[in-house]
Amino acid sequence: MALRIAERAPDFTAETTQGPISFHAWLGDSWGMLFSHPKDFTPVCTTELGYLAKCQDQFAARDCKVIGLSVDPVGDHQRWLDDIKEVTGGEVTYPIIADHDLAVAKLYDMLPADAGDTSEGRTPLNNQTVRTVYLIGPDKLIKAMLVYPMSTGRNFDEVLRLIDSCQLTAEYKVATPVNWKQGEDVIIVPAVSDDDARALFPDGWKTLKPYMRVVPQPEKVDE
């Protein structure tokens, strides 16, 4: 099953380093980031999990839960966490799914259906397609997907920027331009007419082209 943006993220039950979960129930009303790894005890993934451990509070500040997946059993995960802390100094406190039967990797279209049903004997090369970031909204719909090769470590600062954009554009009728960062100007989406835009953005905007209206980033009002 090919997954696409705006489709419902598949639900599943699984064992994790923090006990069994039902994915949608675990997410609750929060945003979520599911990021996957081809194998425990691999060097690039070790750096990723350690870095993420150090910046998990930044995801929490955005009401975004973090969960990892690696194609190995829980026991291997637990031993790997010791290596991660030793190498990176990051102590992993988010759960890691034990996908030893490859069920979640297949469900999320990271491995083909005929990949078998066990992680036994599989190598990182066999599992190289299990290198994806899924950003999921409180409505359980997939908001973004990022896919990386084994040789390239993921940039979680970029994932945080992506979350900021997705959360902002989910609340307001705006889009974020190239290289946008929190607090910078945004674009009024073309589907909003000028008449409607006047009600939404009473302080006005700058029209660069008829289809491109730039406005300061809307500020969220605390309730």
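Above this text you will find the structure in question.
Everything numeric in this text was worked out from a predicted model, so none of it was measured.

Asks: Would you mind going over the packing of helix H2 (residues 43-61) against helix H3 (residues 74-88) with me for this structure?
Replies: One way to put it is that H2 packs onto H3 with a least axis distance of 9 Å and a crossing angle of 75°. Here H2 is positioned roughly perpendicular relative to H3, judged by the angle of their axes. For the pair H2 and H3, contact is made by Cys45, Thr46, Thr47, Leu49, Gly50 and Lys54 and by Trp80, Ile84, Val87 and Thr88, respectively. Residues of the contact of H2 with H3, tallied by class, amount to five nonpolar, four polar and one charged.

Asks: Explain the packing of H2 against helix H5 (residues 156-171) here, please?
Replies: Helices that pack against each other are described as a pair by the angle of their axes relative to one another and the distance between those axes. Two numbers describe how H2 lies on H5: the axes approach to 10 Å, and their chain directions differ by 30°. One element, H2, and the other, H5, form an angle in the roughly parallel class. In this structure, H2 meets H5 at a crossing whose hand is right-handed. Of H5, the residues touching H2 (which contributes Glu48, Tyr51, Leu52, Gln58 and Phe59) are Phe156, Asp157, Val159, Leu160 and Ile163. By residue class, the composition of the contact of H2 with H5 is seven nonpolar, one polar and two charged.

Asks: Quick question: what am I supposed to make of the nonpolar core here?
Replies: Looking at soluble globular proteins, one finds that nonpolar side chains tend to be buried together. Grouped together as the largest cluster of nonpolar side chains are 26 residues, with contacts concentrated most on Met33, Phe35, Leu52, Phe59 and Tyr94. Mapped onto this core, the elements with two or more residues apiece are strand S3 (31-37), H2, strand S4 (64-70), H3, strand S6 (132-136) and H5. With residues up to four places along the chain from it excluded, the contact list for Met33 reads Leu52, Phe59, Cys64, Lys65, Val66, Ile67, Val133, Tyr134, Phe156 and Val159.

Asks: Any chance you could explain the sheet that holds S6 here in plain terms?
Replies: Paired through their backbone hydrogen bonds, the strands of a sheet run either parallel or antiparallel. In space, the five strands of this open sheet follow the order S5-S4-S3-S6-S7, with mixed pairing throughout. For this open sheet the edge positions go to strand S5 (96-98) and strand S7 (142-147), each flanked by a neighbour on one side alone. If you compare each strand with its neighbour and ignore which way they point, the axes differ by 20° on average. In this structure, S3 lies alongside S6, joined through four bridges in antiparallel fashion. The partner of Met33 across the bridge, within S6, is Leu135. On the sheet, H2 packs against S3, S4 and S5 and is oriented at approximately 175° with respect to S3. Each of S4 and S5 is contacted by H3, which is oriented at about 145° to S5, the strand it contacts most.

Asks: In this structure, what is going on with H5? I would like to understand it.
Replies: One turn of the α-helix equals 3.6 residues, which is why residues spaced by three or four share an orientation. Given a rise of 1.5 Å per residue, 16 residues ought to cover 22 Å, and the 23 Å separating the end C-alpha atoms of H5 matches this to within 8%. Looking at H5, one finds that the buried residues are Phe156, Val159, Leu160, Leu162, Ile163, Asp164, Ser165, Cys166 and Leu168. Two to three positions downstream of the cap, the backbone nitrogen of Asp157 sits 3.0 Å from a side-chain oxygen, assigning the N-cap of H5 to Asn155.

Asks: Where do I start with unusual backbone geometry in this structure?
Replies: Note: most residues except glycine have negative phi, and most peptide bonds are trans. Within the chain, Leu102 stands out as a residue other than glycine whose phi angle is a positive 70°. Tracing the backbone shows Leu102 in the loop between S5 and helix H4 (103-107). When its relative accessible area of 0% is taken as the criterion, Leu102 is described as buried.

Analysis parameters
Residues numbered from 1 in each chain as written. Predicted model: local features only at pLDDT ≥ 70, side-chain atom pairs only at ≥ 80, totals over all residues. Heavy atoms only, no water. Axes fitted to C-alpha atoms, helices over the stretch in contact; angles between N-to-C directions. Helix = DSSP H or I, 4+ residues; strand = E, 2+ residues; numbered from the N terminus. Parallel < 35°, antiparallel > 145°, perpendicular 65-115°, else oblique. Contact = heavy atoms within 4.5 Å. Nonpolar A, V, L, I, M, F, W, Y, C, P; charged D, E, K, R; others polar. Left-handed = near helix turned anticlockwise from the far one by under 90°. Core = buried A, V, L, I, M, F, W, Y, C linked by side-chain atoms within 4.5 Å. Buried < 20%, exposed > 50% of the residue type's maximum accessible area, 1.4 Å probe, protein only. Pairing = 2+ DSSP bridges. Expected span 1.5 Å × (residues − 1). Polar contact = N/O pair within 3.5 Å; in protein donor to acceptor, adjacent residues only side chain to side chain.

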